[in-house]
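Close look at the chain arrangement
Below, each chain spelled out in residue letters.
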Amino acid sequence: MPHAATRTRAGGSVRRRRARQSLAAATAAVVTALAAAPAFAASELRPVPVPAPVQQTTGRGTLIGVTPVGDLSRADVAAFLKGAGIDTSTVRHGVRGYRLTYRTLTPQGAPTTATGLLVLPKGGERRLDLVADTHGTMVHRDYAPSVAEDFGLYAPYLHAAAGRAVAAPDYLGLGKGPGLHPYMDTASSVSASLDMLRASRTAAAALGRPLTGDVYGTGFSQGGQVAMGLGRELARGADRHFRLRALAPVAGPYDLRGAEVPALLDGRVNDISGVFYMAYFLTAQNRLHPVYADPAEAFRQPYAGYVEQLFDTRHSEEDIVTKLPGSVKELLTDDFYERLGHPTGGLLTALKAQDGTCDWKPDVPVRLHTAAGDTDVAIANSVSCAADLARNGVRAPVIDHGKADHNGSFKLAGPQIVRWFDRLTHG
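Read on for an overview of the structure. No experiment lies behind these values; they were computed from the predicted model shown.

The next point concerns the nonpolar core. Looking at soluble globular proteins, one finds that nonpolar side chains tend to be buried together. By size, the foremost hydrophobic cluster in this structure holds 44 residues, and its most contacted members are Leu100, Leu130, Leu197, Met228, Leu234, Leu368 and Leu389. No other element matches helix α6 (residues 186-206), which puts eight residues into this core. Not counting chain neighbours up to four residues away, the residues in contact with Leu234 comprise Leu194, Leu197, Val215, Phe242 and Leu244. Of all hydrophobic cores here, the second largest spans 43 residues; its members include Tyr143, Ala284, Leu324 and Val328.

A few words now on the state of the cysteines. All chains considered together, the criterion is met by one disulfide. There is a disulfide in this structure between Cys358 and Cys385, and the S-S distance comes to 2.0 Å. Given an S-S torsion of about -95 degrees, the disulfide between Cys358 and Cys385 has left-handed geometry. Here Cys358, found in the loop between α15 (345-354) and β8 (368-370), pairs with Cys385, found in helix α16 (residues 380-391); they are 27 residues apart in sequence, far enough to count as distant.

We now examine α15. Where α15 is concerned, the buried positions are Gly346, Leu347, Ala350, Leu351 and Gln354. All buried residues of α15 lie within an arc of 135 degrees about the axis, which places them on one face of the element. Taken together, the buried residues of α15 touch α6, α7 (222-235), α8 (256-266), α9 (271-285) and α14 (334-341).

A word on α16. Helix length check: α16 (twelve residues) gives 16 Å between terminal C-alpha atoms against 16 Å at 1.5 Å per residue, within 8%. Taken together, the buried positions of α16 are Asn381, Ser382, Ser384, Cys385, Ala386, Asp388 and Leu389. For α16, the secondary structure elements touched by its buried residues are α7, α8, β8 and β9 (398-400). One or two residues past the end of α16 sits Gly393, with phi positive at roughly 85 degrees.

Next up on the list: the pattern of salt bridges. The tally for this structure, following the rule as stated, stands at 15 salt bridges. The partner of Asp87 in a salt bridge is Arg419, and the shortest N-O contact between them spans 3.1 Å. Of the two residues, Asp87 sits in the loop between α4 (74-83) and β2 (94-105) while Arg419 sits in helix α17 (residues 406-425), which places them 332 residues apart along the sequence. Taking relative accessible area as the criterion, Arg419 reaches 30% and is therefore assigned partly exposed. Between Arg243 and Asp214 there is a salt bridge; the shortest N-O distance is 2.9 Å. Separated by 29 residues along the polypeptide, Arg243 in strand β7 (residues 243-250) and Asp214 in strand β6 (residues 211-220) bring together distant segments of the chain. Judged by its relative accessible area of 13%, Asp214 is buried.

Calculation notes
- Residues numbered from 1 in each chain as written.
- Predicted model: local features only at pLDDT ≥ 70, side-chain atom pairs only at ≥ 80, totals over all residues.
- Heavy atoms only, no water.
- Core = buried A, V, L, I, M, F, W, Y, C linked by side-chain atoms within 4.5 Å.
- Buried < 20%, exposed > 50% of the residue type's maximum accessible area, 1.4 Å probe, protein only.
- Helix = DSSP H or I, 4+ residues; strand = E, 2+ residues; numbered from the N terminus.
- Contact = heavy atoms within 4.5 Å.
- Disulfide = S-S within 2.5 Å.
- Arc of directions from axis to C-beta.
- Expected span 1.5 Å × (residues − 1).
- Salt bridge = Lys/Arg side-chain N within 4 Å of Asp/Glu carboxyl O.

What follows is the structure, encoded as structure tokens:
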């Protein structure tokens, strides 16, 4: 589950990358990628006026603001992606990026706002198909796509440079959105993503690049799970303006109870990532479900005294991993560690609420990308997802990228997904 850097290219982003490398074995090529991507002064990128009738509405997906955040030539995009070790053969256009601010809902159903990144190709067709790209685990709000400068931009730029619009939601509590991020709350991530599509439709039209309504869904890690959930909502007719055309998620944790938690307990998930994800999941889910009444019920001391404060959207991975132990067993109390294998009560509710995103019958092509070498999200998740789809009469091939690590699975899968979307688009 990857993490994007802040908008500071120097010391802060380098320190964060070191933590992310230990979490997901990210490659050292990120440094080269950052050097290749041009920076833009705030004075060069001014807010785009939002039409008054839009500003006056209050419904879900209403566009509130549009702020330009990037403008890259085709050569800039190619250099940026090549520096990260990503195949650039599908890069055909430069791109322009815009941060959208829009209305959506909290997990409790109350009105709130969120942000996300809309990326448009420079050139190509005037009316654009849309890629819904949902990101993986991010802990600092400035890692999110609309404020990111590295991993959070790879997929949006890759797909937009191929000639499609890309809507990349930040989710709740990340980017410029208020509050804390309800990590791994699939329902609210899906609703915020759906509302991002609605805001993108308005913004794209205002920018002179209206959307066709065809949506190609993809996402990485946490975002792979969100992509399946979003696809289900679109297939159910959640918005008449959008038609789902294909789904190609990468390394999603689709089966927490049956695949990911067992992998974490038996060592298939590496210790550093396991500790990080488990602490993040429990503290976030406890705000939504009664997982524990007091942190000391779940976490050993001294971690119980401060673990919740670490996940305030202002700490980097480096800050967090250096303050946590080396294994999940050292992090959790004996009783709670046992509960992971046999969850009950609020913990069971929290886990069940995230599972089942593959338990439906898509009427569009689906491909599940993964890697046997991934020690963050076990390949068993994709196998389980394919089995769920098969039970509903859908054959979804599991594409194994072999020895690639977690981030490596995306770097290999991303260009393949672009080419697959191209083939589907052109028949």
